[in-house]
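Secondary and tertiary structure notes
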Amino acid sequence: MTATGRGSYSRPPDPGSDALPLRRKIHEQSMTAVMRVQCQGIDIVVAATGDGAAISRSQVTAKFEPSSFARKASTDIDAEIEKVWKIKCDQNHRLYNGSKFRLGGWRTEGGRWELSLGLTSYKDLCGTNLAHDFLSIQNKGLQDFGDRQAYMSDPIGVGLLAITSDGCLLVTRRAAWTAEYPGALDRPGGHPEPDHVFQHDGSLKEHLRGRDVDEVVMDEVWWSAVAEAEAEVGLRREHVQEVRWMGVDLNMEAGGRPSLEFFARLGVGREEVVSTYSQGSHEEADENCGLHLVSPTTLACIPRYLPPLSPSASGQATLRESENYQIAKDAQKASGTEDIEEAEGDEEAAWLVREASPPLKAALILATIHRLLP
């Protein structure tokens, strides 16, 4: 089976009366190579092999063609981008216009994935996906090219859900100065950087010459998620034992902005992670103002609080499930049989989901779908 994505962009159909709450959907729907779900403004594409497993590095490639997968130019839109960028730079002097990889689409066949990648910039992101009128930009793309994303920057973001050897999830609190989701709980994340692999003339850097360009680009995209965790939390590459790609989240509240969500198991425990983070010597220590290690007990409670897969019937079903769960908890309290540790984990899970950035929520949904959480 061959499937393609992005291109002429459309939201998945409303599942209507067949919609299920998240936990039932996960356990009752057989996994295919491509599954799409939507919840609270996030369109999620599940990356999986035919047997439902998350994707390993050997199962995904890149097709890097800057001329084919760049955003379309428009005199009016480009002029507005310049205006927006000037305003944002005046408000935040720490911003800089770096080059970014653009997600032009994807193709999957036989459990293998190919990502279509071009180039864009952070300035274009601010003036399109993050613009207050991004819907009008999407509508113009649909009108001019039959593609809502034609004029959108759509830079690839990456995020890493990392689990310690004793089953704890690493979650950070974003610093107040950051341009996106300041103060929210998040996973370590950022962007793969074209400047890491290309020189100013577009040729590969000297230490990469002789290698296949598509493979070099895919390596940068893949390992950038780990590099962000190194820079933000202080993890070392040797701490990471296994990395899997879980899927793509498209933030519809940011014009369909894409992020690739990864999962990693670590060879170190909670105490070593906290000790390393506390030293504060990592490169991007100022991008977050706190590190939380979420316990396995809390992680087991998270599916109860994740948003429903659709805003219609499944929302009602999830509400009923939540109400039934609360009734059971109230009965436990009344009888004195409530487990204190479980109650604390349940409370922390509700807090985590409530405070989470949209990409973190999407990553948690993907990890739950793939059954990767403890």
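Residues numbered from 1 in each chain as written. Predicted model: local features only at pLDDT ≥ 70, side-chain atom pairs only at ≥ 80, totals over all residues. Heavy atoms only, no water.

Focus on the overall build of the protein
What the protein contains, in helices and strands, is ten helices and 13 strands. Per-residue burial over the protein gives 55% buried out of 374 residues. Considering only intrachain contacts with a sequence separation of at least 6, the fraction spanning at least 24 residues in the protein is 73%. As displayed, the protein offers around 16800 Å² of accessible surface, 48% of which is attributable to carbon and sulfur atoms. (Helix = DSSP H or I, 4+ residues; strand = E, 2+ residues; numbered from the N terminus. Buried < 20%, exposed > 50% of the residue type's maximum accessible area, 1.4 Å probe, protein only. Contact = heavy atoms within 4.5 Å. Areas by Shrake-Rupley, 256 points an atom, 1.4 Å probe, with all protein chains shown as cover.)

Observations concerning the confidence of the model for the protein
When pLDDT is averaged across the protein, the result is 83; 79% of the residues are at 70 or more. Contacts from residues 8-32, a stretch scored under 50 in pLDDT, to residues over four places away or in other chains number 54 contacts. Low pLDDT, under 50, characterises residues 310-325; the stretch is placed with 25 contacts to residues that sit more than four places away or in other chains. (pLDDT = per-residue confidence, 0-100.)

Topic: the pairing of strand β12 (residues 257-266)
Counted residue by residue, β12 has nine buried out of ten residues, so it is predominantly covered. As paired strands, strand β7 (residues 157-163) and β12 are joined by seven bridges and run parallel to one another. Looking across to β12, one finds that Leu160 is bridged to Phe262. Examined bridge by bridge, strand β11 (residues 240-251) and β12 share ten bridges and lie antiparallel to one another. Counterpart to Leu250 in the pairing with β12 is Pro258. (Pairing = 2+ DSSP bridges.)

So, the environment of Gly255
Within the fold, Gly255 resides in the loop between β11 and β12. A sequence separation of 130 residues divides Gly255 from Leu125, and the C-alpha atoms of the two residues are 9.7 Å apart. Beyond its immediate chain neighbours, meaning those up to four positions away, Gly255 contacts Asn129, Phe134, Gln138, Gln149, Met152 and Asp154.

A short note on the pattern of salt bridges
Following the criterion strictly, the structure yields 22 salt bridges and no others. A salt bridge links Asp219 to Arg57; the nearest nitrogen and oxygen atoms lie 3.0 Å apart. Of this pair, Asp219 sits in helix α5 (residues 213-233) while Arg57 sits in the loop between β3 (42-47) and β4 (60-64), placing them 162 residues apart in sequence. The class for Arg57 is buried, based on a relative accessible area of 16%. One network of salt bridges, in which partners are shared, links Arg57, Arg211, Glu215 and Asp219. (Salt bridge = Lys/Arg side-chain N within 4 Å of Asp/Glu carboxyl O.)

Quick look at the packing of aromatic side chains
Applying the stated criterion across every chain, the model contains six aromatic pairs. With centroids separated by 6.1 Å and ring planes inclined at 80 degrees, the aromatic side chains of Trp85 and Tyr122 adopt a geometry described as edge-to-face. Here Tyr122 lies in helix α3 (residues 122-127) and Trp85 lies in helix α2 (residues 75-91), a separation of 37 residues in the sequence. As far as burial versus exposure is concerned, Trp85 and Tyr122 are alike and both buried. With a centroid separation of 5.0 Å and 80 degrees between ring planes, the pair formed by Trp222 and Phe262 is classed as edge-to-face. Of this pair, Trp222 sits in helix α5 while Phe262 sits in strand β12, and the two are 40 residues apart along the sequence. (Phe/Tyr/Trp six-rings, centres within 6.5 Å; stacked < 30°, edge-to-face > 60°.)

Digging into α2
With 17 residues, α2 ought to run about 24 Å at 1.5 Å a step, and its terminal C-alpha atoms sit 25 Å apart, in line with that. On its buried face, α2 is in contact with α3 and α4 (134-145). (Expected span 1.5 Å × (residues − 1).)

Some remarks on the side chain of Glu220
Its location among the elements puts Glu220 in helix α5. The side chain of Glu220 sits in the buried core without any salt bridge; Arg237 is the nearest counter-charge, 7.9 Å away. Polar side-chain contacts of Glu220 include one of 2.8 Å to the backbone nitrogen of Glu193. Ignoring any residue separated from it by four or fewer positions in sequence, one finds Glu220 in contact with Phe101, Pro192, Glu193, His196 and Val197. (Lys, Arg positive; Asp, Glu negative; His and termini not counted. Polar contact = N/O pair within 3.5 Å; in protein donor to acceptor, adjacent residues only side chain to side chain.)

Some details on the pairing of β3
Within β3, six of the six residues are buried, which leaves the element mostly enclosed by the surrounding structure. Because side chains alternate across β3, one face comprises the buried residues Ile42, Ile44 and Val46, and the other comprises Asp43, Val45 and Ala47, equally buried. Inspection of the sheet shows β3 paired to β11 by five bridges, in the antiparallel sense. From the neighbouring strand, Ile42 faces β11, where its bridge partner is Asn251.

Some points on unusual backbone geometry
We note that Asp154 has phi near 50 degrees; this positive angle belongs to a residue other than glycine. Examined against the element boundaries, Asp154 turns out to sit in the loop between α4 and β7. Despite not being glycine, Arg371 shows a phi value in the positive range, around 60 degrees. For Arg371, the position within the fold is in the segment after α10 (358-369).

Remarks on helix α6 (residues 270-278)
The set of residues buried in α6 consists of Val273, Thr276 and Tyr277. Here the buried residues of α6 occupy an arc of 100 degrees about the axis, which is enough to place them on one side. Turned more than 90 degrees off the buried face of α6, the exposed positions are Glu271 and Ser278. Here the buried face of α6 lies against β8 (169-174), α5 and β13 (288-294). Positive backbone phi, at 65 degrees, marks Gly280, one or two positions downstream of α6. (Arc of directions from axis to C-beta.)

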